[in-house]
Amino acid sequence: MVSGKPSNIKSFKNSKKFNSILILLCLILVFLGKLDLIAIRNIKAFLSDFLAPVTFALNKPVEEIAGVFEDVKSAGALRQENIRLKTEVRKLKVINSKASSQELELLELRQLLKVLPERRNKIITGRAITAPGGVFANTVLINVGENNGIKVGQPAISSLGLVGYVVNVSLKTSRVLLLIDINSMIPIYLTSSNWPAVVKGQNGKLLKIKFLSSKAEPIEGEFVQTSGHGGRLPSGINVGKIVKSFSGKFFVKPTVDFHRLTYISIITNKDILPFKSKKFNGFAPLQKPETSINLKGLNLSGKRVIESPED
Amino acid sequence: MIKNNNIFYYLYKFSISILSFVFLFFILNFQSSLSFFSIFEISTPSLISIGIYLCIVRFNINPSNTILFLTGFLHDIMNGNNIGTTSIFLLLFRYFISSIILEKISEKDQEEWIYFTIIFILSFCFVFLFNLIINFSIPEFSPIFFHIGITLILFPIINISIDFFSFVSRLIKN
């Protein structure tokens, strides 16, 4: 039942002007926030640092209760899960034996081609304080910050793949912008066809593929990895898989389950390259490996090629 | 004497404001943490709008504009939203309650659910359009529809539960 009390009506009439002023102030604040001013960024960082214990304390009970519910739910499917895991272990054993021989072969080839060894990533892991829920923003606060060597722009990963990148750092906490956020854009390449593209978040479960060549033909289930273009993110981190929608459009489904994020690792040795327009010559697109023979009996992707007698 | 009364009145007002701030802040955080549950993976319901609506319309508790602004501001900082987005939603929601319900149909028994739907969708649409302009791109619609749908489904459930509890408490009293 609606019960508009006279006292309420009177107080509302008095505060209408103030309400409008505050709405205007909020609009200005949103625009200022979008401008990414250093002062606003610092205020945000300070306040998120200050409020982090409160957020953690308020989120913890709900997280625990949700965990109990999930445990109860999964208990029913334990038998099926067990069978699935056993088959997976069998498959992995076969893959593992193949991989070890291929690794040796790869090492030999690397030595033969004198490939420079890759720099090992330095990683710092933090615990996610907040849940990534939100209609308009998808970010996560983690409990490592400037004191631990975290900087803005550094990539955030989990055991499954890329989570996002750091957008705000304070002394003890940092905020990670998730891949699925509408403001996130990541340069990628399709692992099977080697076509470069950019994936953009949509605040939903799937990522939009942008700037993909019209000649490219993505395959459903094909893996997508970071290309490293632009120098912001290292190359070769898993992003997701290609999925086809009902309308026939291709999207990327992230490998990371953003709602089960407990620990997030930040790659701290990744230096963010400053953009220098004078020296910038554009990014070279990734090339599809040619079938021509580079080494005797091997093509560029390292696969064995059987030479025909006519050649 | 009057002076003393005034002091007590302001103290009372201040304590009410602090309590409503704590209450709203708690609801907002609870709302965000609901995404830990797999059912709310896509999006969480807007419990804050249900809370504000029931406070104003049913319980005659009137959270001030400043409290709504502060709650939204802190929530935006904690959740990494654009600063001011939640505050705009909360202030607009309060504004629409005052202009649609309390001014036009005051003291009349009407269907609460319909008015809540109108007010919620109006304020959400405004904030959504504003976000579209700010981000300059169209987001996926499924989380938005889920957010609106689950809020509108939860509202009558919470309403009926409050009615039920008040009925039980009256029964116990009698």
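Bear in mind the structure is a predicted one, so any value in this text is a computation, not a measurement.

The rules behind each value
Residues numbered from 1 in each chain as written. Chains lettered and ligands numbered in written order. Predicted model: local features only at pLDDT ≥ 70, side-chain atom pairs only at ≥ 80, totals over all residues. Heavy atoms only, no water. Core = buried A, V, L, I, M, F, W, Y, C linked by side-chain atoms within 4.5 Å. Buried < 20%, exposed > 50% of the residue type's maximum accessible area, 1.4 Å probe, protein only. Helix = DSSP H or I, 4+ residues; strand = E, 2+ residues; numbered from the N terminus. Domains from an automatic or database assignment. Contact = heavy atoms within 4.5 Å. Expected span 1.5 Å × (residues − 1). Buried area = accessible area lost by both parts, 1.4 Å probe. Salt bridge = Lys/Arg side-chain N within 4 Å of Asp/Glu carboxyl O. Polar contact = N/O pair within 3.5 Å; in protein donor to acceptor, adjacent residues only side chain to side chain. Nonpolar A, V, L, I, M, F, W, Y, C, P; charged D, E, K, R; others polar. Phe/Tyr/Trp six-rings, centres within 6.5 Å; stacked < 30°, edge-to-face > 60°. Pairing = 2+ DSSP bridges. Axes fitted to C-alpha atoms, helices over the stretch in contact; angles between N-to-C directions. Parallel < 35°, antiparallel > 145°, perpendicular 65-115°, else oblique. Left-handed = near helix turned anticlockwise from the far one by under 90°. Patch = residues over 30% accessible without salt bridge, like charges linked within 9 Å, V, L, I, M, F, W, Y side chains within 5 Å. Areas by Shrake-Rupley, 256 points an atom, 1.4 Å probe, with all protein chains shown as cover.

## A few points about the nonpolar core
Thinking step 1. Counting 63 residues, the largest nonpolar core has B:Ile52, B:Tyr53 and B:Phe93 as the members making the most contacts within it.
Thinking step 2. Those elements giving two or more residues to this core turn out to be helix H1 (6-34) and helix H2 (38-75) of chain A together with helix H1 (2-33), helix H2 (47-58), helix H3 (65-79), helix H4 (85-102), helix H5 (112-135) and helix H6 (142-173) of chain B.
Thinking step 3. Split by domain, this core shows at least three residues from each of two domains, domain 1 (16-114) and domain 2 (123-267) of chain A.
Thinking step 4. Contact partners of B:Tyr53, with chain neighbours within four places excluded, come to B:Arg58, B:Phe93, B:Ile97, B:Ile101, B:Glu112, B:Tyr115, B:Phe116, B:Ile119 and B:Phe155.
Thinking step 5. Judged by nonpolar contacts, the second largest core, of 37 residues, contains A:Val140, A:Ile150, A:Leu177 and A:Leu261.

## Points about H3(B)
Residues and elements named next belong to chain B.
Thinking step 1. The end-to-end C-alpha distance of H3, which contains 15 residues, comes to 21 Å, matching closely the 21 Å that a straight helix rising 1.5 Å per residue would cover.
Thinking step 2. Most of H3 is tucked away: 13 of the 15 residues are buried.
Thinking step 3. Count one or two residues on from H3 and you reach Gly80, which has phi positive near 75 degrees.

## Concerning the interface of chain B and chain A
Thinking step 1. Facing 65 residues of chain B, the contacting portion of chain A comprises 60 residues.
Thinking step 2. Summed over both partners, the interface of chain B with chain A buries about 6,000 Å², with 65% contributed by carbon and sulfur atoms.
Thinking step 3. Across the contact surface, chain B and chain A share 1 salt bridge.
Thinking step 4. B:Glu41 is paired through a salt bridge with A:Lys205; the nearest N and O atoms lie 3.7 Å apart.
Thinking step 5. On inspection of chain B and its partner chain A, the count reaches 12 residue pairs in polar contact (both at pLDDT 80 or more).
Thinking step 6. Among the elements of the structure, H1, H2, H3, H4, H5 and H6 of chain B are those that each provide at least two residues to the side of chain B that touches chain A.
Thinking step 7. Its residues placed into classes, the side of chain B that touches chain A shows 31 nonpolar, 25 polar and 9 charged.

## Looking at the domain arrangement of chain A
Residue and element names in this part refer to chain A.
Thinking step 1. Partitioning chain A into structural domains gives domain 1 (16-114) and domain 2 (123-267).
Thinking step 2. Computed from C-alpha coordinates alone, the two centres of domain 1 and domain 2 are separated by 9 Å.
Thinking step 3. Taken together, the 13 residues of domain 1 in the interface contact 14 residues of domain 2.
Thinking step 4. The element best represented in the side of domain 1 that touches domain 2 is H2, accounting for 12 residues.
Thinking step 5. Grouping the constituent residues of the side of domain 1 that touches domain 2 by class yields 3 nonpolar, 3 polar and 7 charged.

## Side note on the packing of aromatic side chains
Residue and element names in this part refer to chain B.
Thinking step 1. Enumeration over the complete set of coordinates arrives at 21 aromatic pairs over all chains.
Thinking step 2. Here Tyr9 and Tyr10 contribute two aromatic rings whose centre-to-centre distance is 5.6 Å and whose plane-to-plane angle is 65 degrees, an arrangement assigned as edge-to-face.
Thinking step 3. You can call Tyr10 exposed: its relative accessible area is 56%.
Thinking step 4. Look at Tyr53 and Phe155: their rings are 5.4 Å apart centre to centre, the planes differ by 85 degrees, and that puts the pair in the edge-to-face class. One end of the pair, Tyr53, is in helix H2; the other, Phe155, is in helix H6, and 102 residues separate them in sequence.

## Focus: the pattern of salt bridges
It is possible for side chains bearing opposite charge to pair when their charged atoms get close.
Thinking step 1. By the definition in use, this model includes 5 salt bridges over all chains.
Thinking step 2. The network of salt bridges with shared partners includes A:Glu81, A:Arg84 and A:Glu88.

## Brief notes about the sheet that holds strand S3 (residues 155-157) of chain A
Residue and element names in this part refer to chain A.
Thinking step 1. As summarised here, the arrangement of the 6 strands in space is S1-S12-S3-S4-S5-S2, forming an open sheet in which the pairing is antiparallel. Strands at the two margins of the open sheet, each flanked by one partner only, are strand S1 (123-127) and strand S2 (139-142). Going across the sheet, the axis of each strand differs from the next one's by a mean of 35 degrees, ignoring polarity.
Thinking step 2. Here S2 pairs with strand S5 (residues 174-178) via 4 bridges, running antiparallel. The residue bridging Leu141 from the neighbouring strand is Arg175, located in S5.
Thinking step 3. Across the sheet, H2 touches S1, S2, strand S4 (162-169) and S5, and the angle it forms with S4 is around 130 degrees.

## Some points on the packing of H2(B) against H5(B)
Residues and elements named next belong to chain B.
Thinking step 1. Interaxial distance between H2 and H5 falls to 11 Å at its minimum, and their mutual angle equals 125 degrees. Classified by the angle between their axes, H2 and H5 sit oblique to one another. With respect to the hand of their crossing, H2 and H5 are arranged in right-handed fashion. Here H2 contributes Ser49, Ile50, Tyr53, Val57 and Arg58 to the contact with H5, which in turn contributes Glu112, Tyr115, Phe116, Ile119 and Phe120.
Thinking step 2. Looking at the contact of H2 with H5 residue by residue, the class counts come to 7 nonpolar, 1 polar and 2 charged.

## As for unusual backbone geometry
Thinking step 1. At A:Asn194, a position not held by glycine, the phi torsion is positive, near 65 degrees.
Thinking step 2. Secondary-structure assignment places A:Asn194 in the loop between strand S6 (185-190) and strand S7 (196-200).

## A look at the side chain of B:His75
Thinking step 1. Secondary-structure assignment places B:His75 in helix H3.
Thinking step 2. Apart from residues lying up to four places away in sequence, B:His75 is in contact with B:Leu28, B:Ser32, B:Asn81 and B:Thr86.

## Brief notes about a nonpolar patch on the surface
Residue and element names in this part refer to chain B.
Thinking step 1. A cluster of nonpolar residues, Tyr9, Tyr10, Tyr12, Ile16, Phe59 and Ile61, forms a patch on the protein surface that exposes about 640 Å² of accessible area.
Thinking step 2. With respect to the element layout, Tyr9 can be found in helix H1.
Thinking step 3. On the basis of relative accessible area, Tyr9 is assigned to the partly exposed category, the value being 43%.

## Description of the environment of B:Ile83
Thinking step 1. Tracing the backbone through its elements, the reader meets B:Ile83 in the loop between H3 and H4.
Thinking step 2. Note on B:Ile83: relative accessible area 4%, which makes it buried.
Thinking step 3. Note: C-alpha distance between B:Ile83 and B:Val22 (61 residues apart in sequence) is 20 Å.
Thinking step 4. Those residues within four positions of B:Ile83 in sequence are excluded, and the remaining contacts are A:Cys26, A:Leu29, A:Val30, A:Ile40, A:Lys44, B:Phe73, B:Asp76 and B:Ile77.

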